[in-house]
Amino acid sequence: MCSSDLLKRDYSGLRVGVEGHTDGDPIRKSKWKHNHALSVERAMAVYDYLRKQGGVPTSQLFVAGYGPNEPIATNTSSANKAKNRRVELVIYPEHIAQR
C-alpha cells in the first residue's frame, strides 16, 4: 500500500504535515543557500509525490522545513547525520474545513 492510500484510508480529513529535516552540517557547495531551504525542498518533493498519487486533498497537507533544528540523533557520525536527513508525515488532530 502506498502512503497516499494509507492517508486516505486512515487519516481522511485530518491535517497532515509534510516536514523536512537536515543534518547539522552547513551547506557549502549546493544550489541551496542553507539547510532550511534544503529541508523545505525535501518536504516539497514528498508533497508533490503525494499530490501526484492522487486522492489526498492538497488542502489536507502542509509543508514545513525545520532544517537542522529538530535532530533525532546527534550529528557526531555519518550514520547519525543520515538519520537527521529525513521527511516525516505528521498527523495532526485537527480536521480540515470541508469546502
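The rules behind each value
Residues numbered from 1 in each chain as written. Predicted model: local features only at pLDDT ≥ 70, side-chain atom pairs only at ≥ 80, totals over all residues. Heavy atoms only, no water. Helix = DSSP H or I, 4+ residues; strand = E, 2+ residues; numbered from the N terminus. Polar contact = N/O pair within 3.5 Å; in protein donor to acceptor, adjacent residues only side chain to side chain. Contact = heavy atoms within 4.5 Å. Core = buried A, V, L, I, M, F, W, Y, C linked by side-chain atoms within 4.5 Å. Buried < 20%, exposed > 50% of the residue type's maximum accessible area, 1.4 Å probe, protein only. pLDDT = per-residue confidence, 0-100. Axes fitted to C-alpha atoms, helices over the stretch in contact; angles between N-to-C directions. Parallel < 35°, antiparallel > 145°, perpendicular 65-115°, else oblique. Nonpolar A, V, L, I, M, F, W, Y, C, P; charged D, E, K, R; others polar.

Participant: Give me the side chain of N84: which residues, what numbers.
Facilitator: Checked against the element boundaries, N84 lands in helix α3 (residues 78–84). A polar side-chain atom of N84 sits 2.7 Å from the main-chain amide nitrogen of I72. In this structure the side chain of N84 is engaged in a polar contact, spanning 3.0 Å, whose partner is the side chain of N75. In this structure N84 touches H21, T22, D23, P71, I72, A73, T74 and N75, once residues within four positions along its chain are discounted.

Participant: So, the nonpolar core: which residues are in play, and what are the values?
Facilitator: Counting residues in hydrophobic clusters, the biggest one holds eight residues: L7, V16, V18, A43, Y47, L50, V56 and L61. Taken together, the elements giving at least two residues each to this core come down to β1 (14–21) and α2 (35–53). Ranked by the residues each element gives to this core, the list is headed by α2, at three residues. Aside from chain neighbours lying at most four places away, what touches A43 is V18, E19, G20, V63, A64 and V87.

Participant: Give a description of the confidence of the model for the protein that names residues and reports values.
Facilitator: This prediction gives the protein a mean pLDDT of 91; 97% of its residues lie at or above 70. Taking the mean pLDDT of every element in the protein, the minimum, 85, falls on helix α1 (residues 3–10) and the maximum, 98, on α3.

Participant: Just give me the short version of the packing of α1 against α2, but keep the residues and values in it.
Facilitator: Here α1 crosses α2 at 70 degrees, and the two axes come no closer than 9 Å. One way to sum up the angle between α1 and α2 is to call them roughly perpendicular. For the pair formed by α1 and α2, the contact residues are S3, S4 and L7 on the first element and Y49, L50 and Q53 on the second. Its residues assigned to classes, the contact of α1 with α2 shows three nonpolar, three polar and no charged.

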